[in-house]
Amino acid sequence: MPDPKVTVLMSAFNAEVFLREAIDSVLCQTLADFEFIVFDDKSSDHTLQILKDCHDRRLILVSNSENQGLTKNLVRGMGMAQGTYVARMDADDVCLPSRLQRQVDYLEQHPEISVLGSSVMFFDEHSHEIIGSQPENHEAIQCELLYGFTMLHPSVMMRRADLERHGLNYDPHFIYSQDHDLWTRASRVLKFANLNKPLLKMREHGAKIGRTKKSQQMMHSDEIRRRQLDELGVIYT
């Protein structure tokens, strides 16, 4: 069989509450030519059973015998991917129906772009919604990466061959902020962009890593920022 157009890459750990909705939002995409690699990271709830009950030939289930953490799963998943493009997805978010098609269309019309994100719709359990817009062009994205976050991880689609050509993958050292690290390294040699239309709904809830592991995440991001400043020759305190 020919390789799929897209590999969707997800890692799930104790994600039973929101997992079914996240999976369905991928499987119901208007673009059907994809493989969906999902890691169950030794969950102790019903995550693994939910994944086993999903009878779709496009879903490739990897059941870890030990908890590996998101970064190691992403490193392995990038090595497994067969798609021309790799799209990230989290187990608590929701893809809008045309997400994959719109990103593929853009990348095929703009071969100079290797990493493509989008605006997102943040939402919570009270149905409050707010659009989070991101800088659209490469230079603005590079600037933003120096002092904050852009290229929101579950919204991103990457041109796999471009990353492989430059030996780019997630770094297992970064247990958190693994995306921030990869984007800052990749943006030196590859072009980035964001679509200004929301293609993903990012769920706000109390168990998000950005809340439960905020201090560890900030520690890693500060390390990345120090590296960037060193590269620029900036003297800082």
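Coordinates for the structure precede this section.
Residues numbered from 1 in each chain as written. Predicted model: local features only at pLDDT ≥ 70, side-chain atom pairs only at ≥ 80, totals over all residues. Heavy atoms only, no water.

Asks: Please give an account of the environment of methionine 89 that cites residues and values.
Replies: Assignment of secondary structure puts methionine 89 in the loop between strand S4 (85–88) and strand S5 (94–95). Assessed through its relative accessible area of 0%, methionine 89 is described here as buried. Considering only alpha carbons, one finds methionine 89 and histidine 153, 64 residues apart in sequence, at a separation of 7.7 Å. For methionine 89, the contacting residues outside a window of four places in its chain are Val8, Leu9, Met10, Ser11, Ala22, Ser25, Val26, Val94, Cys95, Arg99, Pro154 and Leu200. (Helix = DSSP H or I, 4+ residues; strand = E, 2+ residues; numbered from the N terminus. Buried < 20%, exposed > 50% of the residue type's maximum accessible area, 1.4 Å probe, protein only. Contact = heavy atoms within 4.5 Å.)

Asks: Could you give an account of the pairing of strand S9 (residues 191–203), with specific residues and numbers?
Replies: For a regular strand, side chains alternate in direction, first toward one face of the sheet and then toward the other. Strand direction decides the pairing type here: S5 and S9, joined by two bridges, are antiparallel. Paired with valine 94 across the two strands is lysine 201, which belongs to S9. Where strand S6 (residues 113–123) meets S9, nine bridges bridge the pair, whose relative direction is parallel. Pairing of leucine 116 across the sheet is with alanine 193, part of S9. (Pairing = 2+ DSSP bridges.)

Asks: Tell me about the pairing of S4, residues and numbers included.
Replies: The alternating pattern of S4 places Tyr85 and Ala87 on one face and Val86 and Arg88 on the opposite face, and all of these are buried. Direction of pairing for strand S1 (residues 6–12) relative to S4: parallel, over a ladder of four bridges. Counterpart to valine 6 in the pairing with S4 is tyrosine 85. When S4 meets strand S8 (residues 157–159), the two strands line up antiparallel, connected through three bridges. If you follow tyrosine 85 over to S8, its bridge partner there is arginine 159.

Asks: Talk me through the environment of leucine 146; I want residue IDs and the actual numbers.
Replies: Among the structural elements, leucine 146 can be located in helix H5 (residues 138–147). The sequence separation of leucine 146 and proline 198 amounts to 52 residues, and the corresponding C-alpha distance is 23 Å. Discounting chain neighbours no more than four positions away, the residues touching leucine 146 are Arg225, Gln228, Leu229 and Leu232.

Asks: Break down the pattern of salt bridges for me, citing the residues and quoting the values.
Replies: Counted under the stated rule, the structure contains 14 salt bridges. Members of the salt-bridge network, linked through shared partners, are Arg159, Asp162 and Arg165. (Salt bridge = Lys/Arg side-chain N within 4 Å of Asp/Glu carboxyl O.)

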